[in-house]
Amino acid sequence: DGRYLRVWPLFSYSQEDDLSRFRMLELWPMGRIESMERNWDPLWALYTHGRNGSLREDELLWGLFRYRRDDDGIRNLSLFPLFRVNRSAPGPAEKDGWSFLLGLLGYEREGLRKTLSLLYFPISWSQEPVKDTGGVP
């Protein structure tokens, strides 16, 4: 079914099919208890690395630092409460953005639409593509 390795209190590693998880400084002193893992899991590790197929997630200090990426080019990085950066794969549905101090100042771009947030108020605009008229006005 799956693999599980644990060296308490240093780390634990579990893998089942495409799901895997590495936790460093595994502070829970008991063995695997499903209800404890489901409800209290984030409290018992300082660093967690998870993988679900092509999706990879890293979390440090109970979510203060997070990094998420997948093979499609989508990336999310945050350092709470200072900043957040989102990047998507290049293409027609490309979406990028960032925010500073939980949105006090932020910017998002989705296709041709751009939004700037200042003091939590959004200001949006869209840029139309330039048409080539062959030199004729």
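Up top you'll find the structure we're talking about.
Residues numbered from 1 in each chain as written. Predicted model: local features only at pLDDT ≥ 70, side-chain atom pairs only at ≥ 80, totals over all residues. Heavy atoms only, no water.

K.L.:
Would you explain the packing of aromatic side chains in this entry?
P.N.:
What describes a pair of aromatic rings is the distance from one ring centre to the other and the angle between the planes of the rings. Following the criterion strictly, the structure yields 3 aromatic pairs and no others. Through pairs of rings, three or more aromatic residues link up here, namely Phe11, Phe22 and Tyr47. (Phe/Tyr/Trp six-rings, centres within 6.5 Å; stacked < 30°, edge-to-face > 60°.)

K.L.:
Hey, could you run me through the environment of Trp44 in this one?
P.N.:
Positionally, Trp44 belongs in the loop between helix 1 (34-40) and strand 4 (47-52). Taking the C-alpha atoms as reference points, Trp44 and Glu26, separated by 18 residues in sequence, lie 5.8 Å from one another. Apart from the residues within four sequence positions on either side, Trp44 is in contact with Arg23, Leu25, Glu26, Leu27, Trp28 and Met36. (Helix = DSSP H or I, 4+ residues; strand = E, 2+ residues; numbered from the N terminus. Contact = heavy atoms within 4.5 Å.)

K.L.:
Honestly, the sheet that holds strand 6 (residues 65-69) in this entry has me stumped. Any pointers?
P.N.:
Pairing between sheet strands relies on hydrogen bonds along the backbone, with the strands arranged either parallel or antiparallel. Across the sheet, which stays open at both edges, the 12 strands sit in the order 1-2-3-4-5-6-7-8-9-10-11-12 with antiparallel pairing between neighbours. The strands lining the two open edges of the sheet, one partner per strand, are strand 1 (2-7) and strand 12 (121-126). The mean angle between the axes of side-by-side strands here comes to 5°, regardless of whether they run parallel or antiparallel. (Pairing = 2+ DSSP bridges. Axes fitted to C-alpha atoms, helices over the stretch in contact; angles between N-to-C directions.)

K.L.:
How do you make sense of the pairing of strand 4 when you look at a structure like this?
P.N.:
When a strand is regular, its side chains alternate between the sheet's two faces. Looking at chain direction, strand 3 (residues 19-24) and strand 4 are connected through 6 bridges and run antiparallel. Each residue of the ladder has a partner; that of Met24, found in strand 4, is Tyr47. Bridge count between strand 4 and strand 5 (residues 55-60): 6 bridges; the pairing is antiparallel. In the sheet register, Thr48 faces strand 5, and the bridge partner there is Glu59. Hairpin connection between strand 4 and strand 5: a loop of 2 residues separates the two successive antiparallel strands, and Gly53 in this loop has a positive phi of roughly 65°.

K.L.:
Would you mind showing me how to read the side chain of Ser20 here?
P.N.:
Topologically, Ser20 is positioned in strand 3. The exposure class assigned to Ser20 is buried, which follows from its relative accessible area of 17%. Not counting chain neighbours up to four residues away, the residues in contact with Ser20 comprise Tyr13, Ser14, Gln15, His49, Gly50 and Arg51. (Buried < 20%, exposed > 50% of the residue type's maximum accessible area, 1.4 Å probe, protein only.)

K.L.:
Which parts of the structure should I look at to understand the pattern of salt bridges?
P.N.:
Where side chains of opposite charge bring their charged atoms close, a pairing between them can arise. Scanning the model with the defined rule gives 7 salt bridges in all. Among the salt bridges present, the one from Asp58 reaches Arg69, with a minimum N-O distance of 2.8 Å. One end of the pair, Asp58, is in strand 5; the other, Arg69, is in strand 6, with 11 residues separating them in the sequence. With respect to class, Asp58 is no different from Arg69; both count as buried. Among the ionic pairs, Arg109 bridges to Asp96, the shortest N-O distance being 2.5 Å. Placement of the pair is Arg109 in strand 10 (residues 105-110) and Asp96 in strand 9 (residues 95-100), with a sequence separation of 13 residues. Given a relative accessible area of 21%, Arg109 falls into the partly exposed group. (Salt bridge = Lys/Arg side-chain N within 4 Å of Asp/Glu carboxyl O.)

In short, the description is geometric, and any link to function would need to be established separately.
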